Protein chains: 2
Amino acid sequence: MPAHRLSLCKSHYIQWFETYTRRAIDKFEMIQTHEKVMVAVSGGKDSLALWHLLAGLGYETVGFYIELGIPDQGYSSNSQLKAQSFAEKIGQKLVIARVEEEMGAGIPEISKSTYRKTCSVCGLSKRHLMNRAAMDEGVDVLATGHNLDDETASLFGNMINWDIGYLGKQSPVLAENAVGLRKKIKPFCYFTEKQVAMYALLSGIDYLQQDCPHSVTATSLRYKEILNQMEHQSPGMKRRFFDRYLQNQGLFQAEQTQPELRPCARCGMPTSIEVCSYCKTVERAKCHSRESGNPVG
Amino acid sequence: MPAHRLSLCKSHYIQWFETYTRRAIDKFEMIQTHEKVMVAVSGGKDSLALWHLLAGLGYETVGFYIELGIPDQGYSSNSQLKAQSFAEKIGQKLVIARVEEEMGAGIPEISKSTYRKTCSVCGLSKRHLMNRAAMDEGVDVLATGHNLDDETASLFGNMINWDIGYLGKQSPVLAENAVGLRKKIKPFCYFTEKQVAMYALLSGIDYLQQDCPHSVTATSLRYKEILNQMEHQSPGMKRRFFDRYLQNQGLFQAEQTQPELRPCARCGMPTSIEVCSYCKTVERAKCHSRESGNPVG
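What you see is a predicted model; the values in this text were computed from it and never measured.

Novice: Just give me the short version of the relation of the copies chain B and chain A, but keep the residues and values in it.
Specialist: Once chain B is rotated about the relating axis by 180 degrees and shifted along it by 0.0 Å, it coincides with chain A to within an RMSD of 0.0 Å. On the angle and the small slide along the axis, the relation comes out as a two-fold axis. For chain B, the smallest separation between a C-alpha atom and the rotation axis is recorded for L251(B), amounting to 3.0 Å. Taken together, the interface assignments show that 100% of the residues at the interface of chain B recur at the interface of chain A, consistent with an identical surface on both copies.

Below, the structure is given as structure tokens:
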């Protein structure tokens, strides 16, 4: 690991990785000892490794899987299988939500009928369903497997587009709020994708190696490639880029007023508008299916 | 030009390019009608095209060439020849400064003896010599041929490193100041390198096509490649990136206090410290040559 000037054997790597995660959890005050953690799992390496590690550290955890309704190359069924087998293996509860049941159709159809990008509809739905599941399960903290590659790609995109709103918000911890948004944490935010994959592999985790078939066109993949080039030429660049951003983030918050959140008029989840984007998307998809004569769901 | 959704013939391209430059000059209030402009020329396409265009628009101009003392591949002698022939062709005065005379040695030797990167010593020397020449010639405005590729590469680097000081300063116009810093302008800041090359070519300018032999290792070249990839995938990206930065630049200025400038104790040029970096570099180079027994110059 040139960025850390370290070469480690299997058992020391696992030990290093777990200590380093624990340090990030402490540094950003991600989890208090009494808090129960819901881990959002996709069946991939990042989320299963995170669940494995948090459960291993003794935190009270519950898994949450969303069946997105993506049939291409068996993506949804394969990923659900991996999530379920893993939950059984570690003997922890896995809560499952199905987008088709919740929203009337799978992500690809909703994307088509609402003319929104697939990744945008998917993100919107995940945020809504995750927060609702956390409320239903009485969980304090929502943990996701976002790694340094995810975080820097997102930061890079927001910077290239000078998206000041997002630049003021991105963080390894998003605090809970009074009207029902649960605390969100990213304990792997300091590990590269490679490092997490290595940990998952060495820990014997059976994860889905298949990428989401819709991710191939994602802009974030292009940004990841660029950042990988730069990391290769200057090891540790991603970590420095992310850390210095966090140190200077206040610059983007000064002029921003936080929108006041209130319960959505339809679903009761926190939103800054009358009816939340999730409910509007579901409504639009249903409208479209009535007009086209193909009932959604 | 996909970013502009335009295809133009030779004469309309030249017309478009000149109108667009004039618009940038007006937008950023670069030159007042009574002001005399010194154009920093290297012999390359950007600076000669700029001189050609400004003289053509009727501004009172004088060229300024710095012989950097870079003998590799005949770089310095070739570039001086191009600058001199061009000045003769358009019948304008060209002022020449020689780094070896001014600093006691050429840029590569000074870089070695002061343990500073070549591009850093070169930039430092150019800034000093350019400003001094402008003062000596009684010129109000210093114009450089920096294009959109230069500006976005520099911005990109400052962003990747979160160099807040530079992020607060970068601009198509740097105002003059009371203690002798001349106004600096970049009238080509909205053109890509390709667009300037095309203008130079179509205008029949005989410029040096050779790059500085030291530029091959410059980080800015890597940044330019990355930005070229992104521009290719999203035409107009460079311009949007630069414009949105300029709109949001205030964010980086809020917490900064401008250092007070005063005359350098040695050379009298404006500096924020007792003895300016240029004088310190010259002193260090001379010291090194005395110690090593190889008199500089």
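That was the structure; now back to the text.
Novice: Could you give an account of the pairing of strand β1 (residues 37-41) of chain B, naming the residues involved and the relevant values?
Specialist: Residue and element names in this part refer to chain B. Counting buried positions along β1 gives five out of five residues, so the element sits mostly inside the fold. As defined by bridge partners, β1 adjoins strand β2 (residues 61-67) across five bridges and the pair is classed as parallel. Considered in β2, the bridge of A40 is made with F64. Taken together, β1, helix α2 (residues 45-56) and β2 constitute a β-α-β crossover, and its handedness is right-handed. By the bridge criterion, three bridges tie β1 to strand β4 (residues 141-143) in an arrangement that is parallel. Paired with M38 across the two strands is L142, which belongs to β4.

Novice: Explain unusual backbone geometry to me, using residue names and the numbers behind them.
Specialist: Negative phi is the rule for most residues except glycine; trans is the rule for most peptide bonds. Residue and element names in this part refer to chain A. Of note, the phi angle at E29 is positive, near 45 degrees, even though the residue is not glycine. With respect to the helices and strands, E29 occurs in the loop between α1 (10-27) and β1 (37-41). Notably, W162 is not glycine yet its phi reads approximately 45 degrees, a positive angle. One can find W162 in the loop between α7 (148-160) and α8 (164-167). Residue class for W162 comes out buried when judged on its relative accessible area of 4%.

Novice: Tell me about the sheet that holds β4(B), and name the residues and values.
Specialist: Residue and element names in this part refer to chain B. Reading across the sheet, the six strands line up as β3-β2-β1-β4-β6-β5 and stay open at both edges, with mixed pairing between neighbours. Edge positions in the sheet fall to β3 (94-98) and β5 (173-174), since each has one partner strand and no second. Pairing of β5 with strand β6 (residues 183-185), which is carried by two bridges, proceeds in the antiparallel orientation. Note on β6: the bridge partner recorded for V173 is I185.

Rules used in this analysis
- Residues numbered from 1 in each chain as written.
- Chains lettered and ligands numbered in written order.
- Predicted model: local features only at pLDDT ≥ 70, side-chain atom pairs only at ≥ 80, totals over all residues.
- Heavy atoms only, no water.
- Least-squares fit on C-alpha atoms with pLDDT ≥ 70 in both.
- Contact = heavy atoms within 4.5 Å.
- Buried < 20%, exposed > 50% of the residue type's maximum accessible area, 1.4 Å probe, protein only.
- Helix = DSSP H or I, 4+ residues; strand = E, 2+ residues; numbered from the N terminus.
- Pairing = 2+ DSSP bridges.
- Right-handed = clockwise from strand over helix to strand, strands pointing away.

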